[in-house]
Structure formats: C-alpha cells, structure tokens
Amino acid sequence: NAVALGVENRLKDLPLPTGAQRIASVSVAGKLTGSGNGMQYYGAILVQSELAKEQIVAHYSDYRQSVFDCMVEDADGARAMLSDLPLAEVEPAFNADAIADNYYLVYSWGDAPDWLWDILNMDMRAH
C-alpha cells in the first residue's frame, strides 16, 4: 500500500489549477483492472473547478513523468472509470454517483521500485 500512497501523496502535493479545490484523495493497491497477475498502484484526487477539461489537462501536463501519470477525466469520464474501480469502499467521495458535473478525476498509476517488483507481486492481491 505504501507505493500507492506515494502516488496519492504526489498528486496531492502538486499545485492545483487556479480557482480549483481538492475534494478528496484516495490510493489503493491490488489487482484493479485486467486479467493476469501483478500488483497495480493507483492514486487519485478529485478536483472541483469551473475550468474546461483542456485547461485542467494543460495544467497537469507540466507535471507528467510518464504516460500513465497525471491523467485527467471530466465528470462523465470519471463516473465511467469509477464505476469499474473499487474506490468507493476506501473513500466514499469516489463513488461514481457522487461525482458532480464540475469535478475532475486526476489519477496516476504507479510502479514499485525494480528491486521490490518480484516480492510485491507475490502479494495475494496481485492474483
């Protein structure tokens, strides 16, 4: 869980777009999507803003470190994504039905350090 928490904390530490406010944050580690074996590390923040999605994307693009970092979904995309992820059990604000129209989901998929990869993939949640 520490890897996922690190992903969440990094997102929380990034500056918010002008006029935006952070509603909630969450992190979770486990087998979250797809099939096969392997741990996944997910961190996300919900941001409330009147800015257009393109402006939110442009703001976070300055902080992207990889292709799966600082991804942005508008309210519709967030609802669709969150309906498939078990995040509401961890943080109720991430229930797909709780997403307001002026919310954005900013999320990242993290990776374990190379030296821990084999050990962490033995976690039962990875299967």
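Procedures and definitions
Counting from 1, residues in each chain are numbered in the order their sequence is written. Local features in this predicted model are restricted to residues whose pLDDT is 70 or higher, and side-chain atom pairs enter the listing and the counts only when it is 80 or higher, whereas totals over whole chains, interfaces and linings include all residues. Heavy atoms throughout the structure, all of them, feed into the side-chain values; hydrogens and water do not. Think of it this way: any DSSP run of H or I at least four residues long counts as a helix, any run of E at least two long counts as a strand, and we number them from the N terminus. When accessible area is computed with a 1.4 Å probe and restricted to protein chains, residues below 20% of their type maximum are described as buried, those above 50% as exposed, and intermediate ones as partly exposed. Definition of a polar contact: a pair of N or O atoms within 3.5 Å, with one able to donate and the other able to accept a hydrogen when the atoms are protein atoms, and with sequence-neighbouring residues admitted only if both atoms are side-chain atoms. Note on contacts: a residue pair qualifies if any of its non-hydrogen atoms lie within 4.5 Å across the two residues. Residues belong to a common nonpolar core when they are buried Ala, Val, Leu, Ile, Met, Phe, Trp, Tyr or Cys residues joined through side-chain atoms within 4.5 Å. One bridge is not enough; two strands pair if DSSP finds at least two bridges between them. Interaxial angle, 0 to 180 degrees, is taken between N-to-C directions of lines fitted to C-alpha atoms, where a helix line uses only the stretch in contact. In predicted models, pLDDT denotes the confidence assigned by the predictor to each residue on a 0 to 100 scale. Criterion for a salt bridge: a side-chain nitrogen of Lys or Arg within 4 Å of a carboxyl oxygen of Asp or Glu.

Draft legend 1. Molecular detail of the side chain of Ser 27. Position of Ser 27 relative to the elements: it lies in strand S1 (residues 21–30). Since its relative accessible area comes to 17%, Ser 27 is described here as buried. A polar atom in the side chain of Ser 27 sits 2.8 Å from the side chain of Glu 8. Not counting residues up to four positions away in its chain, the partners in contact with Ser 27 are Ala 4, Leu 5, Glu 8, Tyr 42, Gly 43 and Val 90.

Draft legend 2. Quick look at the nonpolar core. Counting residues in each nonpolar core, the largest one holds 18 residues, and the members touching the most others are Tyr 42, Ala 44, Leu 82, Leu 87, Phe 94, Ile 99 and Leu 105. For this core, the element with the most residues is helix H3 (residues 75–82), which contributes four residues. By size, the runner-up hydrophobic cluster in this structure holds eleven residues, among which are Ile 45, Val 47, Val 72 and Tyr 104.

Draft legend 3. Main features of the sheet that holds S1. Within the open sheet, the four strands sit side by side as S1-S2-S4-S3. Their pairing is antiparallel. Single-partner strands in this sheet number two, and they are S1 and strand S3 (71–73). Each strand of the sheet is rotated relative to its neighbour by a mean of 20 degrees, with strand direction disregarded. Two strands pair when backbone bridges link them, and S1 and strand S2 (residues 40–48) are joined in this way by nine bridges, in the antiparallel orientation. Its bridge partner being in S2, Gln 21 is matched across the sheet by Gln 48. On top of the sheet, helix H1 (residues 2–13) reaches S1, S2 and strand S4 (103–110); it is set at about 25 degrees to S2, its chief contact.

Draft legend 4. Looking closely at the confidence of the model for the protein. Looking at the protein, the pLDDT average stands at 86 and 81% of residues meet or exceed 70. With pLDDT under 50 throughout, residues 123–127 is counted as low confidence; its partners more than four residues away or in other chains account for 15 contacts.

Draft legend 5. Region of the structure containing the pairing of S4. Here S4 lies mainly inside the structure; seven of its eight residues are buried. Inspection of the sheet shows S2 paired to S4 by eight bridges, in the antiparallel sense. Residue pairing across strands places Val 47 opposite Tyr 104, the latter belonging to S4. In the sheet, S3 pairs with S4 via three bridges, with the strands oriented antiparallel. Looking at S4, one finds that Glu 73 is bridged to Leu 105.

Draft legend 6. Structural detail: the pattern of salt bridges. Across all of its chains, the model carries three salt bridges by this definition. In this structure, Arg 10 and Asp 69 form a salt bridge, with 2.8 Å as the shortest nitrogen-oxygen distance. Remark: Asp 69 occurs in the loop between helix H2 (53–61) and S3 and Arg 10 occurs in helix H1; sequence separation between them is 59 residues. A residue is classified by how much of its surface remains accessible, and Asp 69, at 6% relative accessible area, is buried. A single network of salt bridges, built from pairs that share partners, joins Asp 76, Arg 79 and Asp 101.

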